[in-house]
Amino acid sequence: HRISRAAEPHLHIHAISPNVAVRANGSTGALWTHELYLAKIFLGTLYRVQEAAELRADLELQLHAATIGFRIEGVPATLSLAWSTRGQQIRALLAERGQSGAIAARVAAEDSRGKKPDIPLHRLSEIWRQCAQEHGFTSERATQLLGLGRQFRASPENLERELSDAWNKCRPGRRKEFLFIRAAGRLAIECGANAAELQSALDHFRATNSEAPLKGLGNQKAQRYEQTKRSRAKGSVHASPEEEKEP
């Protein structure tokens, strides 16, 4: 899709995954979502990294890594803000509720979403062009951005070392894997790597680091949880506070 629910430019992809799976014994149950969530974050990171690589290769744009994704040099910040209505709605609702965090943001997004307006794309293009012009971003200005990144030299060979440094800098805890994947995306964009090069660097990093993310950690937790449940059923063990939190 290319449009947000606020009828603004928003390139994105939807992927649906039912929250159910068949166990080895034929019974069904909900998914173990920790690894699935990390995989979702990772796929989004690969998507943005590849998008940045292709924009550099095809249009020679000058890009800068952001907290999530990237920004294009020369695009007015005021225009980016004007085309971020959904984000502003969500943040406003969070502030009104005195909440923060990913779960609260997801609820706020659901609660504040309206029906996507049925406006023909050619009409939306006219509205977007007028909005861009109001922020000083004309077609002539956009053309001037082409080639600004011509002097950029990709250095994906440095990515693997940078990933190791990023992993060591991430704070220990449940969010370490999530923070690392975000950092990996930023590093890949900064050094000009594409999705395949990031994937290769991460594969090698995981092969040489037993604590690396997306390496079956969720499976190990699931197995430990099942063992704890069986032991508790027999009355031979008490669950730790951490285990009680597991789904």
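No experiment lies behind these values; they were computed from the predicted model shown.

### Focus: the overall build of the protein chain
Now for step 1: In terms of helices and strands, the protein chain carries eleven helices and four strands.
Now for step 2: Out of the 247 residues belonging to the protein chain, those deemed buried represent 29%.
Now for step 3: Intrachain contacts of the protein chain at a sequence separation of at least 6 include 62% that bridge at least 24 residues.
Now for step 4: Here the protein chain displays about 16100 Å² of accessible surface, and carbon together with sulfur accounts for 52% of that area.

### Comments concerning the environment of arginine 141
Now for step 1: Mapped onto the elements, arginine 141 comes out in helix H6 (residues 139-145).
Now for step 2: Since its relative accessible area comes to 30%, arginine 141 is described here as partly exposed.
Now for step 3: Sequence-distant contacts of arginine 141, that is, excluding residues within four places in its chain, are made with Gly74 and Gly136.

### Concerning the packing of aromatic side chains
Now for step 1: The final tally for this structure, using the stated rule, is four aromatic pairs.
Now for step 2: Seen from their ring centres, tyrosine 37 and phenylalanine 178 are 6.2 Å apart, and the 20° between their planes marks the pair as stacked. With tyrosine 37 in helix H1 (residues 33-59) and phenylalanine 178 in helix H8 (residues 176-191), this residue pair connects regions lying 141 residues apart in the sequence.
Now for step 3: Residue tyrosine 37 is classed as partly exposed on the basis of its relative accessible area of 36%.
Now for step 4: Phenylalanine 178 sits in the buried class, given a relative accessible area of 14%.
Now for step 5: Through pairs of rings, three or more aromatic residues link up here, namely Trp167, Phe180 and Phe205.
Now for step 6: Its guanidinium or amino end placed over the ring of tryptophan 167, lysine 176 lies 4.4 Å from that ring's centre, counting from NZ or CZ.

### Looking at the confidence of the model for the protein chain
Now for step 1: The share of residues in the protein chain with pLDDT of 70 or more is 85%, and the mean pLDDT across the chain is 84.
Now for step 2: In this model residues 216-226 is a low-confidence stretch, pLDDT under 50, and it forms 16 contacts with partners more than four residues away in sequence or in other chains.
Now for step 3: Low pLDDT, under 50, characterises residues 235-247; the predicted model gives this stretch 18 contacts beyond four residues in sequence or across chains.

### A short note on the nonpolar core
Now for step 1: If you look at the biggest cluster of nonpolar residues, it comprises 34 residues, and the most contacted ones within it are Leu159, Leu163, Phe180, Ala188, Leu198 and Leu202.
Now for step 2: When contributions to this core are tallied by element, the ones reaching two or more residues are H1, helix H5 (121-134), helix H7 (159-169), H8 and helix H9 (195-207).
Now for step 3: When residues in this core are grouped by element, the largest group, nine residues, is from H8.
Now for step 4: Ignoring any residue separated from it by four or fewer positions in sequence, one finds alanine 188 in contact with Val49, Leu159, Ala193 and Leu198.
Now for step 5: Counting five residues, the second largest nonpolar core, distinct from the first, contains Ile90, Leu93, Leu94 and Ala108.

### What about the side chain of serine 4?
Now for step 1: If you trace the backbone, serine 4 turns up in the segment before strand E1 (21-22).
Now for step 2: At 3.1 Å, the side chain of serine 4 and the backbone nitrogen of alanine 6 are in polar contact.
Now for step 3: Every residue in contact with serine 4, bar those within four places of it in the chain, is listed here: His10, Arg86 and Lys116.

### Quick notes on helix H3 (residues 85-97)
Think of an α-helix as 3.6 residues a turn; residues three or four steps apart then line up on the same face.
Now for step 1: Between its terminal C-alpha atoms H3 stretches 18 Å, which fits the 18 Å expected from 13 residues at 1.5 Å a residue.
Now for step 2: Every buried residue of H3 is listed here: Arg86, Ile90, Leu93 and Leu94. Seen end-on, H3 carries its buried residues on one side only, within an arc spanning 100°. Turned more than 90 degrees away from the buried face of H3, the exposed residues are Arg91, Ala95 and Glu96.
Now for step 3: Considering only its buried residues, H3 is in contact with helix H4 (102-112).
Now for step 4: Downstream of H3 by a residue or two, glycine 98 has a phi angle that is positive, lying close to 65°.

Cut-off values and rules
- Residues numbered from 1 in each chain as written.
- Predicted model: local features only at pLDDT ≥ 70, side-chain atom pairs only at ≥ 80, totals over all residues.
- Heavy atoms only, no water.
- Helix = DSSP H or I, 4+ residues; strand = E, 2+ residues; numbered from the N terminus.
- Buried < 20%, exposed > 50% of the residue type's maximum accessible area, 1.4 Å probe, protein only.
- Contact = heavy atoms within 4.5 Å.
- Areas by Shrake-Rupley, 256 points an atom, 1.4 Å probe, with all protein chains shown as cover.
- Phe/Tyr/Trp six-rings, centres within 6.5 Å; stacked < 30°, edge-to-face > 60°.
- Lys NZ or Arg CZ within 6 Å of the ring centre and 35° of its normal.
- pLDDT = per-residue confidence, 0-100.
- Core = buried A, V, L, I, M, F, W, Y, C linked by side-chain atoms within 4.5 Å.
- Polar contact = N/O pair within 3.5 Å; in protein donor to acceptor, adjacent residues only side chain to side chain.
- Expected span 1.5 Å × (residues − 1).
- Arc of directions from axis to C-beta.

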